[in-house]
Amino acid sequence: MSWRDARELVDRAIRSFEKACIASGGSQDRHYRICGRDCLFRPAGSPLASLLAPALAHLECDLKAAGGANRFTPELTILAWDSASTGIPFDHPWRRRPPATPRDIIYHRQDGIRFLYNFAGGTLSFFDESRRIAGYWVEAADTLSFVECASPFRAVFQWWIRGWGGLLVHAAAAGLEDAGGVLIPGGEGAGKSTVAALCLRHGFRLAGDDYIGLTPNPAWRADSLYCSLKLTPESMAWMPDLAGLARQIGRSSTEKAVLYLAPAYRKALVSGLDLQAVLIPRVTGRDGTVIRPTSPAEGIRALAPSTLYVQAGERNAAFEFLSDFVRRVPCYVMELGRDLASVPPAIEDFIRRTC
Amino acid sequence: MEASRGNAEGGKRSPGLRYRTSGPHVVHDRFDDEVVVINLKTGCYFGLRETAADIWDLATVGGTQDEIIASIRAAYPESAEDVEKDVAAFLSELSAEDLVLADLSDLPSSAGSIRGPHSPPDQRRPFSAPKLAKYDDQKELLLLDPIHEVGELGWPEK
């Protein structure tokens, strides 16, 4: 089999998806409102629907309340299928290439179509910007990792959001119902998920724990993508009331537990927050929590590396976007105290005083 | 094109070679008195202040080592003795981190456009040896799942 170009591969993928739908009894469509836009998720059969939909559950639309299906005009349609459960094979060019390392990820862009193939996960994502169609294929659904299920379609969302001037950012976003929100950046181990969970339990609104869509117009806004939360075993021990939400408990002392906050915390999960500040968490040995101003340079150091490393393509433009953001939105360091109960009141006080 | 990643290594000078960033894997920007640089290949990122930031600015607009030394020496006249050695060592360190390289660039000479240090003279601190603050706490994230960009020629089967 050969593929003349990117468009032909997308056409073949769509035909493979359609066959998979027929083989599995149809697609189990889900309708979402993501980043203020209608988005249609079309999984072929139940395995991928049950694995990938929970992370997006808080953004699902009530079509009846919205005036019926005719009022739903998707700006993004994501086709998802696997070969094992549907019996429909799908071949693509990168499967035959030996990876340079077992965890290689291949990114390819041609004619406005982007592809990402993850050798370790065996997942192929693509996005055809002109047709607003995305695809997500995996050989066998049951091989998907919990991390993949907690933040599905990350590459697709990344490309889609870039298309209208935003950026998928590695950060949490929390705020108050009657005031502004804050962006909480930081790579692995920075403490952003712990802060997000503490805020949630304190009555904050949460737009995301790990990834959000950041857009500049008219105000800087963090749009929600996922309702999942990943916590270290240590953080889980501090917040045992959240244990019931865990779909996956870490199997080692370092592996994170994956929690789904919808439906239990549905009211606290918001579609987005207007951002007033960047709060960079720092774990300290002090008693209380202190928030102090810092420079845009410290803001970009907290925000950019982990955001850029997960970008598939266009990293220079992403860096410029983030540079502009930290110049326009004030940055603060949040020195976290040993007494975790002090964290949410300190952030609440900060938001009410500053924002 | 002849290129050198460590022109100052061993004290050897290449005064005619022009510096530039090593490639698109290096992203950088100045935020007031600090330059932040990220190496997307290695997963390391860097903070450069004061003379380090000044040298970076000069090295990324095509300055030669001699031009950079002259500019820094003019900006910090009290520092004449150490400037040459410190600048050369710092450029070598930047090269070793794959952040800059020096080559016989076919770009037009940018000597005329090279400006002096960012801060005005009255706000400038005395010359101090440039320091490269290196952060590698996010390195694992990049190296665990390396994304390789395949260009147009990467389409596997025509």
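Our structure's up above, just so we're on the same page.
Before going into details, it helps to say that this report is about the structure given with it. Everything numeric in this text was worked out from a predicted model, so none of it was measured.

A word on the packing of aromatic side chains. The geometry of two aromatic rings is summed up by the distance between their centres and the angle between their planes. All names here are of chain A. Enumeration according to the criterion identifies 18 aromatic pairs over all chains in this entry. Both rings, one in Tyr117 and one in Phe119, keep their centres 4.9 Å apart while their planes meet at 70°; by these two values the pair is edge-to-face. Residue Tyr117 shares its accessibility class with Phe119, and that shared class is buried. Between Phe157 and Tyr226, the aromatic rings sit 6.1 Å apart at their centres with planes inclined by 50°, giving tilted as the arrangement. Of the two residues, Phe157 is situated in helix H5 (residues 154-163) and Tyr226 in the loop between strand E12 (221-224) and strand E13 (228-231); the sequence distance between them amounts to 69 residues. Taken as a pair, Phe157 and Tyr226 share a single burial class, namely buried. Three or more aromatic residues joined by ring pairs form one cluster here, namely Phe41, Tyr136, Phe153, Phe157, Trp160, Trp164 and Tyr226. Here the guanidinium or amino end of Arg37 rests over the ring plane of Trp164, the centre of that ring lying 3.7 Å away.

Residue and element names in this part refer to chain A. One number sums up the size of the second largest pocket: a volume of about 410 Å³. Forming the boundary of the second largest pocket are 24 residues, of which Gly191, Thr194, Ser235, Trp238 and Val283 lie nearest the centre. When residues of the lining of the second largest pocket are traced back to their parent elements, those giving at least two are helix H6 (192-201), E13 and helix H7 (233-238). The element contributing the most residues to the lining of the second largest pocket is H6, with 5 residues. For the lining of the second largest pocket, the residue count by class is 9 nonpolar, 9 polar and 6 charged.

Checked against the element boundaries, Ser151 of chain A lands in the loop between helix H4 (146-150) and H5. If near-sequence neighbours (up to four positions away) are discounted, Ser151 of chain A is found in contact with Tyr211, Tyr226 and Lys230 of chain A.

All right, on to the environment of Gly288 of chain A then. Residues and elements named next belong to chain A. Counting through the fold element by element, Gly288 comes out in the loop between strand E16 (272-283) and strand E17 (290-294). Under the relative-accessibility criterion, Gly288 is labelled partly exposed at 30%. Along the sequence, Gly288 and Leu340 sit 52 residues apart, while their C-alpha atoms lie 8.2 Å from each other. Sequence-distant contacts of Gly288, defined by excluding residues within four places in its chain, comprise Glu335, Leu336, Gly337 and Ser342.

Attention shifts here to the pattern of salt bridges. All names here are of chain A. The full count for this structure, using the stated rule, is 36 salt bridges over all chains. In this structure, the salt-bridge partner of Arg131 is Asp128, at a minimum N-O distance of 2.8 Å. For Asp128, a relative accessible area of 1% corresponds to the buried category. Connected through shared salt-bridge partners, Arg7, Asp11, Asp128 and Arg131 make up one network.

Another aspect to go through is the sheet that holds strand E14 (residues 246-248) of chain A. All names here are of chain A. One open sheet accounts for 3 strands, arranged E13-E15-E14; its pairing is antiparallel. Whereas interior strands pair on both sides, the edge strands pair on one side only; in this sheet they are E13 and E14. Between one strand and the next, the sheet's axes are offset by a mean angle of 35°, whatever the strand orientation. With 4 bridges connecting them, E13 and strand E15 (residues 257-260) associate as antiparallel partners. Looking at the pairing, Leu229 lines up with Leu259 of E15.

One key point about sheets: their strands pair by backbone hydrogen bonds, in either a parallel or an antiparallel sense. Judged by pairing direction, the sheet is antiparallel, and its 4 strands sit side by side in the order E3-E4-E5-E7 (chain B) without closing on themselves. Two strands lie at the open edges of the sheet, namely strand E3 (26-31) and strand E7 (132-135) of chain B, each paired on one side alone. Neighbour-to-neighbour, the strand axes of the sheet open up by a mean angle of 20°, direction not taken into account. In terms of strand pairing, E3 of chain B meets strand E4 (residues 34-39) of chain B through 6 bridges, oriented antiparallel. Bridge pairing in E4 of chain B links Val27 of chain B to Ile38 of chain B. Running at roughly 10° to E4 of chain B, helix H8 (residues 296-309) of chain A makes contact with E3, E4, strand E5 (45-49) and E7 of chain B of the sheet. Against the sheet, helix H9 (residues 315-328) of chain A contacts E3 and E4 of chain B, and its axis sits at roughly 15° relative to E3 of chain B.

Here we come to the side chain of Thr289 of chain A. Residue and element names in this part refer to chain A. The residue Thr289 is located in the loop between E16 and E17 in this model. Look at Thr289 and you get buried, because its relative accessible area is 15%. Within the structure, the side chain of Thr289 is placed 3.2 Å from the backbone nitrogen of Gly337, a separation counted as a polar contact. Engagement of the side chain of Thr289 in a polar contact is seen with the side chain of Ser342, the distance being 2.9 Å.

Residues and elements named next belong to chain A. Looking at the element boundaries, Asn118 is found in strand E5 (residues 113-118). Among the polar contacts listed, one links the side chain of Asn118 to the backbone nitrogen of Ala120, at a separation of 3.0 Å. Side-chain polar atoms of Asn118 contact the backbone nitrogen of Gly121, separated by 2.9 Å.

What counts as what
Residues numbered from 1 in each chain as written. Chains lettered and ligands numbered in written order. Predicted model: local features only at pLDDT ≥ 70, side-chain atom pairs only at ≥ 80, totals over all residues. Heavy atoms only, no water. Phe/Tyr/Trp six-rings, centres within 6.5 Å; stacked < 30°, edge-to-face > 60°. Buried < 20%, exposed > 50% of the residue type's maximum accessible area, 1.4 Å probe, protein only. Helix = DSSP H or I, 4+ residues; strand = E, 2+ residues; numbered from the N terminus. Lys NZ or Arg CZ within 6 Å of the ring centre and 35° of its normal. 1 Å grid on protein atoms, 1.4 Å probe; cavity = no way out; pocket = protein on both sides within 12 Å on 5 of 7 lines; lining within 4 Å. Points joined across faces, edges and corners; volume = space filled by probe spheres on them. Nonpolar A, V, L, I, M, F, W, Y, C, P; charged D, E, K, R; others polar. Contact = heavy atoms within 4.5 Å. Salt bridge = Lys/Arg side-chain N within 4 Å of Asp/Glu carboxyl O. Pairing = 2+ DSSP bridges. Axes fitted to C-alpha atoms, helices over the stretch in contact; angles between N-to-C directions. Polar contact = N/O pair within 3.5 Å; in protein donor to acceptor, adjacent residues only side chain to side chain.

Honestly, it's all geometry; don't read function into it.
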